[in-house]
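Okay, here's what each chain looks like letter by letter:
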Amino acid sequence: MEAQQKLKALLDQLNTVIVGKSDQVRECVACLLAGGHLLIEDVPGVGKTTLAHALARAFGLHFSRVQFTADLMPSDLSGVSIYERGKEAFVFHPGPVFAQVLLADEINRASPKTQSALLEAMEEKQVTIEGETRALPSPFFVIATQNPHDQLGTFALPESQLDRFLMRISLGYPDRAAERQLLAGSDRRDMVAGMQGTLTPGDLDRLQRQVLAVHTADPLLNYVQDLVAATRSGRWFLQGLSPRAAIALVRAAKAQALLSGRDYVAPDDVQAILPQTIAHRLVPIGNAGRGPVEQVRAMAEAVPLP
């Protein structure tokens, strides 16, 4: 009961900042409870950075923000060793990646070389700098925002990096009522700056352990395997999901179930987070006539429920 109260307070706080997007806010929270990294993709100005900043604040974690640009270098993220005359030695100065939450703003405006600098950090929770491996703080999340690929100055994220993100969401334009509230209300940046952490790192650790303990019955796992097999059939996508993606799907469904107040995963939980968890990892076949999200939904309708 205490966990549900804290999760409700967390969602309520976030929904006061990001108005009219309760479903997307819930998906973001599910992603972080599952211990995954989050990618928020949309056009500029719809609140991607505000949402990412609010998530970091609400979870009560130390965070840093990096504005990704074309001239950003890998060392700007990881840090660099500088010779200090007084110590007569090189001293390592950690970069912004050494935080519990790294807000990678407009990640696809950086070069592929800089984007690839995050691969080890996102997968292994460590970075190797000048031959020395350094552990990152725990927990470690990357919340990245990106603009559509057809905009000037963007680079497509490599498949290996897209696969590191547990979920990708899109906010979209607000409806008329939500936009009116934005126009008449307080500045969102001021609201985020005044936010207090709803959860402590200890609360987050306990909730993540509860996510892992959520039950998945054999018929539910059969359903997940049927969905994964459908992506590999060649009927829907050029290349199917990897085992890592299948594990990510189960983890996200467990977090969705916990947010719904249940200790077991239902097929509805899988369907609720399916497009957000797998669409960014897949490319539809050439004659599909649909985008990845629409293709995932069409495939899900064709796979029988358990």
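Just above sits the structure.
Each chain has its residues counted from 1, running along the sequence as written. Two thresholds apply to this predicted model, a pLDDT of at least 70 for residue-level local features and 80 or more for giving and counting side-chain atom pairs, whereas whole-chain, interface and lining totals are computed over all residues. Computation of side-chain values covers all heavy atoms of the structure but excludes hydrogens and water.

Caption draft 1: Region of interest: the packing of aromatic side chains. In this analysis, rings of Phe, Tyr and Trp, with Trp reduced to its six-membered ring, are considered paired at centre separations within 6.5 Å, and the interplanar angle assigns stacked below 30 degrees, edge-to-face beyond 60, and tilted for intermediate values. For the structure on display, the rule yields two aromatic pairs. Their ring planes at 65 degrees and their centres at 5.3 Å tell us that Tyr83 and Phe90 sit as a pair that is edge-to-face. Judged by centre distance (5.9 Å) and plane angle (70 degrees), the ring pair of Phe92 and Phe98 falls under edge-to-face. For each residue, the accessible area found with a 1.4 Å probe, counting protein chains only, is set against the maximum for its type, and the residue is called buried under 20%, exposed over 50%, and partly exposed in between. Overall, Phe92 belongs to the buried group, its relative accessible area being 18%. Across the ring face of Phe92, the terminal group of Arg134 is positioned such that the distance to the ring centre comes to 3.8 Å. A cation over an aromatic ring shows up here: Arg262 above the ring of Tyr264, its NZ or CZ 5.3 Å from the ring centre. Cation placement over rings: the criterion is NZ of Lys or CZ of Arg within 6 Å of the ring centroid and within 35° of the ring normal.

Caption draft 2: Structural context of the sheet that holds strand E8 (residues 141–146). Strand pairing requires that DSSP identify at least two bridges connecting the strands. Numbering of helices and strands runs from the N terminus; a helix is a DSSP stretch of H or I covering at least four residues, while a strand is a stretch of E covering at least two. With parallel pairing, five strands are arranged side by side in an open sheet as E2-E5-E8-E1-E9. In this open sheet, the two strands that pair with only one neighbour each are strand E2 (63–67) and strand E9 (165–169). In this sheet, neighbouring strand axes are inclined to one another by 15 degrees on average, regardless of whether the strands run parallel or antiparallel. Bridging between strand E5 (residues 101–105) and E8 involves four bridges; their strand directions are parallel. Counted as the bridge partner of Leu103 is Ile143 from E8. Geometry is summarised by axes, namely lines fitted to C-alpha atoms with helices restricted to the contacting stretch, and by angles between N-to-C directions that run from 0 to 180 degrees.

Caption draft 3: Region of interest: the pairing of E5. The element E5 is extensively covered by neighbouring structure, given that five of its five residues are classed as buried. The two faces of E5 match: Val101, Leu103 and Asp105 on one face and Leu102 and Ala104 on the other face are all buried. Across five bridges, the pairing between E2 and E5 is parallel. Its bridge partner lying in E5, Gln67 is registered against Asp105.

Caption draft 4: Focus on the environment of Pro267. Summarising the element assignment, Pro267 is placed in helix H13 (residues 267–278). Classification of Pro267 by relative accessible area gives partly exposed; the value is 25%. In sequence terms Pro267 and Val224 are 43 residues apart; their C-alpha atoms lie 8.9 Å from each other. With residues up to four places along the chain from it excluded, the contact list for Pro267 reads Leu220, Tyr223, Leu305 and Pro306. By definition in these notes, contact holds between two residues if any of their heavy atoms fall within 4.5 Å.

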